[in-house]
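Architecture and fold: a report
Here is how the chains run, residue by residue.
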Amino acid sequence: QVQLVESGGGLVRPGGSLRLSCAASGNIFEIYTMGWYRQAPGKARDEVAQITNGGATNYVDSVKGRFTVSRDNAKNTMYLQMDNLKPEDTAVYYCNANFRNFGRRWGQGTQVTVSS
């Protein structure tokens, strides 16, 4: 089996920064595309950013220029650097990964709250 664990969430003031991490562990052969999603209260879970195993990235328009997704394939870890955070970024952030031998899996989520 495989597991995804997110970390790095917390409370930050508007304009501040946070760095989320998503560490994969278990019987991993290869991880294809990884992505960050978020879900605000009462809303659907939406994709924020994704990164392929080759390093190609894609972002939702609302975070372009503020968020940066990256990954360290040797450590099976993905990151999300979030700068200039806004109150509307408040949500639970989830990691998703497509494993060669297990398909798509989700992490448990980490709360990000942007408030003064």
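Residues numbered from 1 in each chain as written. Predicted model: local features only at pLDDT ≥ 70, side-chain atom pairs only at ≥ 80, totals over all residues. Heavy atoms only, no water.

1. Structural notes on the overall build of the protein
A tally of regular secondary structure across the protein gives zero helices and eleven strands. The N-to-C order of helical and strand elements in the protein reads β-β-β-β-β-β-β-β-β-β-β. Taken against the 2.2 N^0.38 rule, which gives 13 Å for 116 residues, the C-alpha radius of gyration of the protein at 14 Å falls within 12% of a compact globule. When the backbone C-alpha atoms are referred to their principal axes, the protein occupies close to 45 × 25 × 20 Å. Counting every position in the protein, which comprises 116 residues, the buried fraction comes to 39%. The contacts of the protein with a sequence gap of at least 6 include a subset with a gap of at least 24, amounting to 53%. By element, 45% of the accessible surface of the protein is carried by carbon and sulfur atoms, the whole surface being about 6,000 Å². (Helix = DSSP H or I, 4+ residues; strand = E, 2+ residues; numbered from the N terminus. Rg over C-alpha atoms; globule rule 2.2 N^0.38 Å. Buried < 20%, exposed > 50% of the residue type's maximum accessible area, 1.4 Å probe, protein only. Contact = heavy atoms within 4.5 Å. Areas by Shrake-Rupley, 256 points an atom, 1.4 Å probe, with all protein chains shown as cover.)

2. Observations regarding the environment of A56
Its place among the elements puts A56 in the loop between β5 (46-51) and β6 (57-59). The class for A56 is partly exposed, based on a relative accessible area of 45%. Setting aside its immediate chain neighbours within four residues, A56 contacts Q50 and I51.

3. Structural notes on the side chain of R71
Along the chain, R71 falls in strand β7 (residues 67-72). Here R71 occupies a buried position and makes no salt bridge, while the nearest side chain of opposite charge, E30, is found at 7.6 Å. Here the side chain of R71 touches I31 through a polar contact of 3.1 Å, landing on its backbone oxygen. Separated by 2.8 Å, the side chain of R71 and the backbone oxygen of Y32 make a polar contact. Those residues in contact with R71, other than ones at most four positions away along the chain, are I31, Y32, T33, M34, I51, T52, N53, T77, M78 and Y79. (Lys, Arg positive; Asp, Glu negative; His and termini not counted. Salt bridge = Lys/Arg side-chain N within 4 Å of Asp/Glu carboxyl O. Polar contact = N/O pair within 3.5 Å; in protein donor to acceptor, adjacent residues only side chain to side chain.)

4. Things to note about unusual backbone geometry
You will see that N76, though not glycine, has its phi angle at about 50°, which is positive. Of note, N76 is situated in the loop between β7 and β8 (77-82). On the basis of relative accessible area, N76 is assigned to the partly exposed category, the value being 24%. Even without being glycine, N84 reaches a positive phi, approximately 50°. Counting through the fold element by element, N84 comes out in the loop between β8 and β9 (91-99).

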